[in-house]
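Each chain, letter by letter, is given below.
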Amino acid sequence: MPRLFTGLEIPAQTGLMLSFLRGGLRGARWIDTENYHITLRFIGDIDDRMADEVADALDRIRRDPVEIRLNGLGSFGNGKPHAVWARVEPNPALMELQAEQERILQRLRLPAERRKYMPHVTLARCRSSSNQDVARWLAERGDFQAQPFTAARFVLFSSRASIGGGPYLVEEAYPLGRHGGGMDIADDMTRHAEFYR
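Residues numbered from 1 in each chain as written. Predicted model: local features only at pLDDT ≥ 70, side-chain atom pairs only at ≥ 80, totals over all residues. Heavy atoms only, no water.

Undergrad: Mind showing me how you'd approach the nonpolar core here?
TA: Nonpolar side chains in soluble globular proteins tend to end up buried together. The biggest cluster of nonpolar side chains holds 49 residues, and the ones touching the most others in it are Leu 18, Ile 68, Leu 70, Val 121 and Leu 123. Among residues more than four places away in sequence, those in contact with Ile 68 are Leu 8, Ile 38, Val 88, Leu 94, Pro 148, Phe 149 and Ala 151. Residues Phe 5, Val 155, Phe 157 and Tyr 168 belong to the second largest nonpolar core, which totals 5 residues. (Core = buried A, V, L, I, M, F, W, Y, C linked by side-chain atoms within 4.5 Å. Buried < 20%, exposed > 50% of the residue type's maximum accessible area, 1.4 Å probe, protein only. Contact = heavy atoms within 4.5 Å.)

So, in structure tokens, the structure goes:
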């Protein structure tokens, strides 16, 4: 089974705004616009049986759609930057959705996430960018804000383990705001086609 993680997709209009931030940073490898996302919980490499258990357990989540606001930029890396990202403003609905997924995965005996959850959209991996390069890039663009949007579903993504940064494939989709059982991914894609186009 490929490497798995859960996340929220980025609508096309927001992705376009994020794409305007590309460039001007030496040593950066920019994420393709279609691969922008907000990770909720990294799962990792698991076998097919566990992947089925994860997919079934996530299907029991019942939560309302989540409003997402992007404001500000930042970087990861102590001493040497390894990524730049757009900040996702934490809110109770987002943090509770993430926390519920964490509890579900721990109940399946998957290792707990060691790092505190900090929602963001990765924009670039910094291959050879210096601290000065990143500081300059952030200073020039640090007041970034995008129009808020509502995430109507979360998804189970798969990725290739080798390189990071995509391509990411949607393995399962879980609508938010539903009251009945799960929805077939093809039906869900049709229903939300306008939002994600």
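Back to the write-up after that little detour.
Undergrad: Could you clarify how one ought to interpret the side chain of Arg 141 in this entry?
TA: Assignment of secondary structure puts Arg 141 in helix H4 (residues 131-141). According to the relative accessible area criterion, Arg 141 is buried, its value standing at 19%. Of note is the side chain of Arg 141, whose polar atom sits 3.1 Å from the side chain of Glu 140. Residues contacting Arg 141, with those up to four places away along its chain left out, are Leu 21, Gly 23, Gly 24 and Leu 73. (Helix = DSSP H or I, 4+ residues; strand = E, 2+ residues; numbered from the N terminus. Polar contact = N/O pair within 3.5 Å; in protein donor to acceptor, adjacent residues only side chain to side chain.)

Undergrad: What's the story with the environment of Pro 81 in this structure? I'm lost.
TA: With respect to the helices and strands, Pro 81 occurs in the loop between strand S5 (70-76) and strand S6 (83-88). Taking relative accessible area as the criterion, Pro 81 reaches 4% and is therefore assigned buried. For Pro 81 and Asp 133, which are 52 residues apart along the polypeptide, the C-alpha to C-alpha distance reads 9.5 Å. Excluding residues within four positions of it along the chain, Pro 81 makes contact with Phe 76, Cys 126, Ser 129, Ser 130, Asn 131 and Val 134.

Undergrad: Please explain the side chain of Glu 100 as it appears in this structure.
TA: Of note, Glu 100 is situated in helix H3 (residues 92-107). Exposure remark for Glu 100: the relative accessible area of 16% places this residue in the buried category. For Glu 100, the contacting residues outside a window of four places in its chain are Ile 61 and Arg 63.

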